[in-house]
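Structure assessment
What follows is each chain in one-letter form.
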Amino acid sequence: MASSSMFSASALNRIVILGDAHSSVNSGNLPSRGVFPLHLRFPAHISLGARNGGFSTIHLPVGSFRRSSGRLSAKPRRKIGDTKLKKAGVAKELSGSLQPLFGAAANVQDRLQDIPSDANTASDEGDKSQKDTSVPVQDAQSETLVAAGDGNSGNFKHVQEIAEEDVPTQTIEQVFNFEMDSEAVGDPISWAEAVVEEESEKERALEDEILRERQFHDEKEKKLKEELRSSEILKQAVRQAYLKNKIFYFPTPAFAGRELEIYMNRRITALVGQPRIFIAGAFNEWRWKPFTTELSKTDLPGDPKETGDWWVCKIQVPQEAYKVDFIFYDGQSIYENNDQTDFYIMVEGGMSKVEFEYFLLEEKAQEACRLKEEDAERERVETQRRELEEQKAGEEADRAQAKNLVNEERDKARVSLQKAVERADGVWFTQPPEFGGGSVVDLFYNRASGPLAHSEQVWIHGGYNNWKEMASIVEELVLDNKIGGDWWVAKVKVPEKAYMLNWVFADGPPDSARVYDNNDYRDFHGIVAQTVTEDVYWAEFEKEEYERLQKERKARHEAAMKKAAHIKKLKEDMKAKTMETFLRSQSHIFYTEPAQLVAGEDVTVFYNPSNTVLNGKPEIYLRGSFNRWTHFLGNLQPIKMERADNGTHLKARVKIPKDAYMMDFVFSERGDDQGGVYDNRNGLDYHVPVTGGLLTQPPLDIVHIAVEMAPIAKVGGLGDVVTSLSRAVQEAGHNVEVVLPKYDSLNYHYIHDLREVQAFHFGGTRVRVWNGKVEGLPVHFLEPENGMFWVGCIYGRRDDGPRFGFFCHAALEFLRQSGKHVDILHCHDWSSAPVAWLFNEGYRLNNMHDARIVFSIHNLEFGAPLIGRAMANAHMATTVSPTYAREVSGNGVIAPHLHKFHGIRNGIDPDIWDPYTDPFIPMAYSTENVTEGKRAAKEELRRRLGLRHDDRPMLGIITRLTAQKGINLIKHGIYRTLERGGQVVLLGSAPDPRVQNDFVNLSNQLNQSHGDMARLCLAYDEPLSHLIYAGCDFILIPSIFEPCGLTQLTAMRYGAIPVVRKTGGLNDTVFDVDHDQDRAREQGLSVNGFSFEAPDASGLDYALNRAISAWYEARGWFEGLCRQVMEQDWTWNRPALDYIELYYGAKKKP
């Protein structure tokens, strides 16, 4: 059975292959427009109509195909406003839309197949055996053939098999249930679009159904969860109320990143009956994200015998949490804090405690970095502002200076201009008489008119505009025979800007002239008539002077900046080298690999017990921690050390945490809690700095209480130590302040920003407090109104003891009342020794309870009882060198306290003693040009003192002439040097008049016997001392005893080689070139001088002869030694490190 419709007149050029070859089109006479019959045969299983021999037929309404460019197109009709689809797109849409419609029968990847060309179609037309294939139809307008089927009967098999299946159907009319107005045939809707639309609606409907079902299940699941949650909370409320617990929480356990409900039973808390309840809390031991929120009342039941009183709040637990800490309060003053232990809930799924610690550290490090960047930016802006102000001030100053200079020169020029003439009859004249700037004139001079009458040569030495540029006009005159007489002439080029010429005549050029005609000291002046006006000239002159001054200022600024940068680099390099030396100095006991520790990496510690108290112990354990034993992870477990490959050391490997700034360790003979014998570096422990960590070492708060401070109140070395040590420790990153009496004899020139800040009553008087800055250090000046320090001096009165005792007590009272935090109180010598016991007796329990006392002995000759009492009360004590500490260890006031007594050498101030910046020497020098610099200084020293200028060594002696300094050895050293052909310069004076007179007589004798070889300067001269250090090859220091000594340190800073006796600080700082290589190496240093032990002439000769011989016989080696000693750091860098270690050692004391 088949059904048919009328076709359009245009012939079909393509056919849709549905189910292979089983669909066909029967042609007829097709009108060009309107309704046309179409006979389609489909396999029955894909049709929703009647079955006929396995095939079905449908009526395809008009509009299913339309003509496009002469061809019949399967392009769907677009709706109004839609974008037209391309053919390929329609084909794809058609194929895809029919797939669900025809189901399994569309098995074969529904597709569009190209119909053969006209020739092939005609050929196929003759094949009448093609079964169920429509006859081709000729389109009269397009001459295009349309055929159905592929002519392959083999394709029927699969279709026929599945045609028998009972496939649910619906009528094709339902699928293609539309007709189109013949007027709209040119823009129809395709049947494929309809299929797609209907299938899309089905899909949307199915999706909606799935969504509704999912929502239903979600709501059901949510409801079920809520029921379970309510049930769990209800059970918890009943149970916790029965157990009389104040709180419970849900869910259990608490998870990071989720919501947490906290329930509080008001009835059994301190908040019972309060109408409002709040929770205040934070996370992770109260250190992260604090919160406050109000609780609401619930209807949960309480104890079976009571109604419920549960209140609840919800908080969001952050991902970083491992613990929730909280309390409850009424919003005012009533708190429930779980009997002062606070409430807490442990959290799972977040950070561990250690992870959180590092997280916080990284947060703090980032914040610190941000603040540092902000500070740097502020400093940059401030520096730029300051530089602009300085530049503006410099410009104004230069402009004013140029103006003043011009006014002075102009006034002088006007005086000269009044003397200027066009000619002087009988003396000189010009041709032409009038001339201008830039012209060349003939200047005639009558030799016979003046002092050059008998000179063989005549020269003009001239300038212009009152001798600007001095002798810028130099010409030789020649005799002019045309005029007659004794007239001489020269051609002179007049400067462009000249309005006046100035000159004299001479008998030769400037470098050889002896006789001058200068017009009786008035010079000659000539008018330049045709030139710039005077005002224009001086305006240009002022501009030129201003530009010159600006150029000079810029050059000075650039040179100063370059020099400052060089000095900064030298200091940084020296500090780095000093730290390296500091670590290397302990290498005979321990060292690390790598030497520079880095946070987050591993380190191997090597230990040589043979040099310690653990020598011979069968087992040794390393015990350590980080950050001065304060690391939050606590101490490391004892690590048993293994034998290292070198055979002398033991080793242990340790992981450095990423927040470390210091590694701390000691060694013990056992690994248990007791440890047995310890090597803890005499109570100071071993410490190695760590770089690259998240944390930096927090600063110590250090206060020096002293009665001297250089340069404002200096008598001896104590004042230098207080200032220099304080500055060095401050530069190391710590907070340092000084408390000092406000003497009426202070050198106020060196005190900046001095102002009175407060006052307090103490000891029956009012004490005024002044603050100021000295050498960059904060200083607090105490001025009691009882006049104790208005006496015109520091020492020398009979009441020195009571005065300084009052000061010490007042200083502690000031610190107490100011509320300052103090880690270290550092007092010095007998004068501030009372601080030690006064602190322990009356001030240790207030705001200074963290403070520890460090006491330094600079001079044991005075105040022994006070020193002894201070030693007993101090936590740590020092003197000025390790050797001197050993030498005085038997002293009665020191011997009982050797366990806390340490020797730390003093240092020199590099800002005062530096040949690179020294204003008192003729040539700045460093290690790069030490030979040239010292040669220039030696020549200047010889010139100033009237000594012979030739190539010979020079010995310098800079000292107080006292018995301690070895007076007899000094005299012997002078004569021995002279005998060896050297020169000697001595600078010093004697407090004893007899000794002073003795050296005056010696000076007179030497002037007679060695007038140009020796000079004794018997009054202290600071600039001369600098020149002696720089100009001398050796410095002699033959002290009988020397607690520290700074002379040898200063000498080495200037490249002068010390010749010393081995005592006190001299032994600690000078290492003999022939005998102390190993001792120097243990200190991380190189040999640097000549020394002797016996305090007699033969001992001195042994050292001095070797030094002088080295100068004569090994000059290159000697100059290398000079360079080597200059590279050594004898500033306060190293002592500051030792003092800082001592301060931390004191902090450990109870």
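Numbering of residues starts from 1 in each chain and follows the order in which that chain's sequence is written. Under the rules for a predicted model, residues below a pLDDT of 70 receive no local features and side-chain atom pairs below 80 are neither given nor counted, while totals for whole chains, interfaces and linings still include all residues. Neither water nor hydrogens contribute to the side-chain values; these are computed over all heavy atoms in the structure.

Examining the overall build of the protein
Strands are runs of DSSP state E lasting at least 2 residues, helices are runs of H or I lasting at least 4, and numbering of each runs from the N terminus. Helix and strand content of the protein: 23 helices and 52 strands. For every residue, the accessible area obtained with a 1.4 Å probe (protein chains only) is divided by the maximum for its type, and the residue is called buried under 20%, exposed over 50%, and partly exposed between those limits. When burial is assessed residue by residue, the protein has 48% of its 1150 residues classed as buried. We call two residues in contact when some of their heavy atoms are within 4.5 Å. Look at the contacts in the protein between residues 6 or more apart in sequence, and 68% of them connect residues 24 or more apart. Note on areas: Shrake-Rupley with a 1.4 Å probe; residue coverage comes only from the protein chains shown. As displayed, the protein offers around 56100 Å² of accessible surface, 51% of which is attributable to carbon and sulfur atoms.

Topic: the packing of aromatic side chains
Working definition: a ring pair exists when centres of Phe, Tyr or Trp rings (six-membered ring for Trp) sit within 6.5 Å. Plane angles under 30 degrees give stacked, over 60 give edge-to-face, the rest tilted. As enumerated under the stated definition, the model contains 44 aromatic pairs in all. Taking 5.6 Å as the distance between ring centres and 70° as the angle between the ring planes, the aromatic pair formed by F665 and F667 counts as edge-to-face. For F665, a relative accessible area of 0% translates into the label buried. A connected cluster of aromatic rings, assembled from ring pairs, spans Y743, F789, Y795, F804, F807 and W830. Our definition puts a charge over a ring when NZ of Lys or CZ of Arg is within 6 Å of the ring centre and also within 35 degrees of the ring normal. Looking at R258, its charged tip hangs above the ring of F255, at a distance of 4.6 Å from the centre. We note R399 situated over the ring of Y546; from NZ or CZ to the ring centre the distance is 4.4 Å.

Observations concerning the nonpolar core
Counting residues in each nonpolar core, the largest one holds 72 residues, and the members touching the most others are L941, I974, F999, F1034 and F1090. If near-sequence neighbours (up to four positions away) are discounted, F1034 is found in contact with P953, M954, L955, G956, I1057, V1059, A1107, I1108, W1111 and F1118. The set of buried Ala, Val, Leu, Ile, Met, Phe, Trp, Tyr and Cys residues whose side-chain atoms join them within 4.5 Å is what this entry labels a nonpolar core. V738, V767, L838 and Y843 belong to the second-largest nonpolar core, a separate cluster that totals 66 residues.

Remarks on the environment of F429
Residue placement: F429 occurs in strand β20 (residues 428–431). What makes F429 buried here is its relative accessible area of 10%. Each C-alpha atom of the pair F429 and D442 lies 8.4 Å from the other, and the pair is 13 residues apart in sequence. What F429 contacts, discounting residues up to four positions off in sequence, is R423, D442, L443, F444, I483 and W487.

Let's talk about the environment of R976
The residue R976 is located in helix α15 (residues 967–979) in this model. R976 sits in the partly exposed class, given a relative accessible area of 22%. A sequence separation of 125 residues divides R976 from D1101, and the C-alpha atoms of the two residues are 7.5 Å apart.

Examining the side chain of T879
Checked against the element boundaries, T879 lands in strand β45 (residues 876–879). Leave out the neighbours within four places in its chain, and T879 touches I857, Y884, A885, F901, H902, G903 and I904.

Here we look at the sheet that holds strand β12 (residues 259–265)
Any two strands are treated as partners once DSSP identifies two or more bridges connecting them. With antiparallel pairing, 4 strands are arranged side by side in an open sheet as β10-β12-β16-β15. Pairing within the sheet leaves two strands with one partner each, and these edge strands are β10 (247–250) and β15 (296–297). Where β12 lies against strand β16 (residues 310–316), 7 bridges are found, and the strand directions are antiparallel. Within the sheet, the bridge partner assigned to E261 lies in β16 and is K314.

Here's the deal with the sheet that holds strand β42 (residues 777–784)
The sheet built from 9 strands is open, its strands ordered β40-β41-β42-β39-β38-β43-β44-β45-β46 with mixed pairing. At either end of the open sheet lies a strand with only one pairing partner, and these are β40 (752–762) and β46 (901–903). Averaged over all pairs of adjacent strands, the angle between strand axes in this sheet comes to 25°, irrespective of strand direction. Angles here are taken between N-to-C directions and fall from 0 to 180 degrees, while the axes themselves are lines fitted to C-alpha atoms, restricted in helices to the stretch in contact. Its contacts with the sheet put helix α12 (residues 864–873) on β44 (852–857), β45 and β46, and the angle it makes with β44 is roughly 145°.

Points about the pattern of salt bridges
Note on definitions: salt bridges are taken to be side-chain nitrogens of Lys or Arg within 4 Å of carboxyl oxygens of Asp or Glu. Inspection of every chain in the model, using the stated rule, returns 79 salt bridges. A salt bridge links D442 to K491, with the nearest nitrogen and oxygen atoms 2.9 Å apart. One end of the pair, D442, is in strand β21 (residues 440–446); the other, K491, is in strand β24 (residues 487–493), with 49 residues separating them in the sequence. On the basis of relative accessibility, which here comes to 56%, the residue K491 falls in the exposed class. A salt bridge links R942 to E939; the shortest N-O distance between them is 3.2 Å. Taken together, the residues R942 and E939, both in helix α14 (residues 930–945) and 3 residues apart, mark about one turn of the helix. R942 gets classed as buried once you look at its relative accessible area, which sits at 1%.

A short note on unusual backbone geometry
Note the cis peptide between T252 and P253, where omega equals 0°. Position of P253 among the secondary structure elements: in the loop between β10 and β11 (254–255). Phi at R628 is positive, roughly 60°, even though this residue is not glycine. Positive phi, close to 55°, is recorded for E775, a residue that is not glycine. Mapped onto the fold, E775 is located in the loop between β41 (765–774) and β42. Using a relative accessible area of 33% as the deciding quantity, one classes E775 as partly exposed.

So, the pairing of strand β34 (residues 650–655)
In β34, alternate side chains face the same way, and those of L650, A652 and V654 are buried while those of K651, R653 and K655 on the opposite face are not. Strand direction decides the pairing type here: strand β30 (residues 602–607) and β34, joined by 6 bridges, are antiparallel. Of the residues in β34, the one forming a bridge with V605 is A652. Strand direction decides the pairing type here: strand β33 (residues 642–643) and β34, joined by 2 bridges, are antiparallel. The partner of E642 across the bridge, within β34, is K651. Hairpin geometry of β33 and β34 is characterised by an intervening segment of 6 residues between the two adjacent antiparallel strands and by a positive phi of about 85° at G647.

Quick notes on the pairing of strand β22 (residues 458–464)
Taking burial as the measure, the 7 residues of β22 include 7 buried ones, the bulk of the element. Side chains of β22 alternate between two faces, with V458, I460, G462 and Y464 and W459, H461 and G463 buried alike. As defined by bridge partners, β22 adjoins strand β23 (residues 468–479) across 6 bridges and the pair is classed as antiparallel. Bridge pairing in β23 links H461 to V474. Connecting β22 to the next strand, β23, in antiparallel fashion are 3 residues, including N465 with a positive phi near 50°. Relative to strand β25 (residues 500–506), β22 is paired through 6 bridges, and the arrangement is antiparallel. Residue pairing in the sheet places W459 in a bridge with A506 of β25.

Overview of the side chain of Q1128
Position of Q1128 among the secondary structure elements: in the loop between α22 (1115–1127) and α23 (1133–1147). Within polar-contact distance, the side chain of Q1128 engages the backbone oxygen of S1086 at 2.9 Å. Reaching out from Q1128, the side chain makes a polar contact with the side chain of W1130 at a distance of 3.3 Å. Here a polar contact is taken to be a pair of N or O atoms separated by no more than 3.5 Å, where protein atoms must pair a possible hydrogen donor with a possible acceptor and residues adjacent in sequence count only if both atoms sit in side chains.

Some points on a nonpolar patch on the surface
Patch membership needs two things, relative accessible area over 30% and no salt bridge, and members are linked within 9 Å if like-charged or within 5 Å if nonpolar (Val, Leu, Ile, Met, Phe, Trp, Tyr). Taken together, the side chains of V354, F632 and L633 present a nonpolar region at the surface, about 230 Å² in accessible area. Summarising the element assignment, F632 is placed in the loop between β31 (621–626) and β32 (639–640). Classification of F632 by relative accessible area gives partly exposed; the value is 33%.

Quick look at the packing of helix α7 (residues 534–584) against α23
Axis angle and axis distance: for two packed helices, these are the angle between their axes and the distance between the axes, and together they describe the pair. Between α7 and α23, the least distance of the axes is 9 Å, while the angle of their chain directions is 55°. On the basis of the axis angle, α7 is oblique to α23. Of the two elements, α7 crosses α23, and the hand of that crossing is right-handed. Residues M574, K575, T578, M579, T581 and F582 of α7 pack against N1133, R1134, L1137, D1138 and E1141 of α23. The classification used treats Ala, Val, Leu, Ile, Met, Phe, Trp, Tyr, Cys and Pro as nonpolar, Asp, Glu, Lys and Arg as charged, and all other residues, Gly among them, as polar. For the contact of α7 with α23, the residue count by class is 4 nonpolar, 3 polar and 4 charged. Angles below 35 degrees are treated as roughly parallel, those above 145 as roughly antiparallel, those between 65 and 115 as roughly perpendicular, and all remaining angles as oblique. Here is the rule for handedness: rotate from the far helix to the near one, and if that takes an anticlockwise turn smaller than a right angle the crossing is left-handed, while a clockwise turn gives right-handed.

What about the confidence of the model for the protein?
On a scale of 0 to 100, pLDDT captures the predictor's confidence in every residue. Scored by pLDDT, the protein has a mean of 85; 83% of the residues are at 70 or more. This model gives residues 1–188 a pLDDT under 50, and the stretch forms 316 contacts once residues within four places in sequence are excluded.

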